[in-house]
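Secondary and tertiary structure notes
Residue strings, one per chain:
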Amino acid sequence: GLALLPALLASFVTPNHPAIERLLARVATRLRELTGDGALNGYQTRDPERVRSMLRAVFDVVASLGIVYSEPPASFEQHGQRVRLADQVLAGQLGTCLDLTLLFASLLEQAGLRPLLVLLEGHAFVGVWLVPAAFGEVAGDDGLRLRKRVDLDELLLVETTAATADANADFDRAVDAARRRLQDLAGFRAVIDVAAARGARFLPL
């Protein structure tokens, strides 16, 4: 649906969905195992490593769900791709790269963080600001600008399909995989900043 209004994708990030609330308790437990502190306190500590640990906890919990990578649901629309919301992903144990990206972003936003949706030709993955920042616009098409922010350690990206059942789930490898995808920007399409989208009134469904 990028040909229409890319920012609308932020509305499919649903932090208040009951399924997200239930999963977030597991994220807090995993975060406590990793750090000794299970507080999902967003950017309150002003510590990028804390944000990294929160993303790792989200990754580990999603990886434990046994979700199988799948094709999109059957669709008869002329534009765009049908997506599964969190409850559908969890109930069916199926998800595309976009479904998983929206699931990750929903968990991250409900934990008080600022997620990004990174869209390439035929693929999507998630990112998160390591500092409480946002792009000036909701949707941008400058992949080099995104890559520079990653290089400055202001953003962290993760390959969401690396958390599926058939993948050998490993957080550090998933981060490396996402970073490698930005080395060749020919297929880059857009980055959607969810925090900026909320400010522009693109609210959750």
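Below is a short write-up of the structure. Just so you know, these numbers come straight off a predicted model, no measurement behind them. The residue numbers shown here count from 1 along each chain, following its written sequence. The predicted nature of this model means local features are confined to residues of pLDDT at least 70 and side-chain atom pairs, given and counted, to a pLDDT of 80 or more, with totals for whole chains, interfaces and linings taken over all residues. Side-chain calculation: all heavy atoms of the structure are included, whereas hydrogens and water are not.

A short note on the sheet that holds strand S7 (residues 188-193)
When DSSP finds at least two bridges between two strands, those strands are taken to pair. Only runs of H or I of at least four residues qualify as helices and only runs of E of at least two qualify as strands under DSSP, and these elements are numbered from the N terminus. With antiparallel pairing, the 5 strands of this open sheet are ordered in space as S5-S7-S3-S4-S6. The open sheet is flanked by strand S5 (139-140) and strand S6 (155-158), the only strands paired with a single partner. The pairing of strand S4 (residues 123-129) with S6 spans 4 bridges and is antiparallel. Bridged to Trp129 within S6 is Leu155. Of the strands in this sheet, S4 and S6 are in contact with helix H2 (residues 48-63), which crosses S6 at around 15°. Note on definitions: a residue-residue contact is assigned when non-hydrogen atoms from the two residues lie within 4.5 Å. Fitted lines through C-alpha atoms give the axes, limited to the stretch in contact for helices. The angle between two N-to-C directions lies from 0 to 180 degrees. Packing of helix H4 (residues 97-110) onto the sheet brings it into contact with strand S3 (115-120), S4 and S6, and relative to S4 it is tilted by some 15°.

Focus on the packing of H2 against helix H6 (residues 171-181)
Orientation of H2 relative to H6, taken along the N-to-C sense of each, is 105°, at an axis distance of 10 Å. By the angle class used here, H2 and H6 are roughly perpendicular. Residues Arg52, Leu55, Arg56 and Phe59 of H2 form the contact with H6, whose participating residues are Phe171, Asp172 and Ala174. Any angle that is under 35 degrees is reported as roughly parallel, and any over 145 degrees as roughly antiparallel; angles of 65 to 115 degrees are reported as roughly perpendicular and all others as oblique.

Section: the side chain of Thr161
Mapped onto the elements of the fold, Thr161 is located in the loop between S6 and H6. Burial classes: relative accessible area under 20% of the type maximum marks a residue as buried, over 50% as exposed, and values in between as partly exposed (1.4 Å probe, protein chains only). Here Thr161 falls in the buried class, since its relative accessible area comes to 18%. Here a polar contact is recorded for every N or O atom pair within 3.5 Å, except that within protein the pair must consist of a potential hydrogen donor and a potential acceptor, and residues adjacent in sequence are included only if both atoms are side-chain atoms. Separated by 2.6 Å, the side chains of Thr161 and Glu159 make a polar contact. The contacts of Thr161, once residues within four sequence positions are left out, are Tyr69, Cys97, Leu100, His123 and Ala167.

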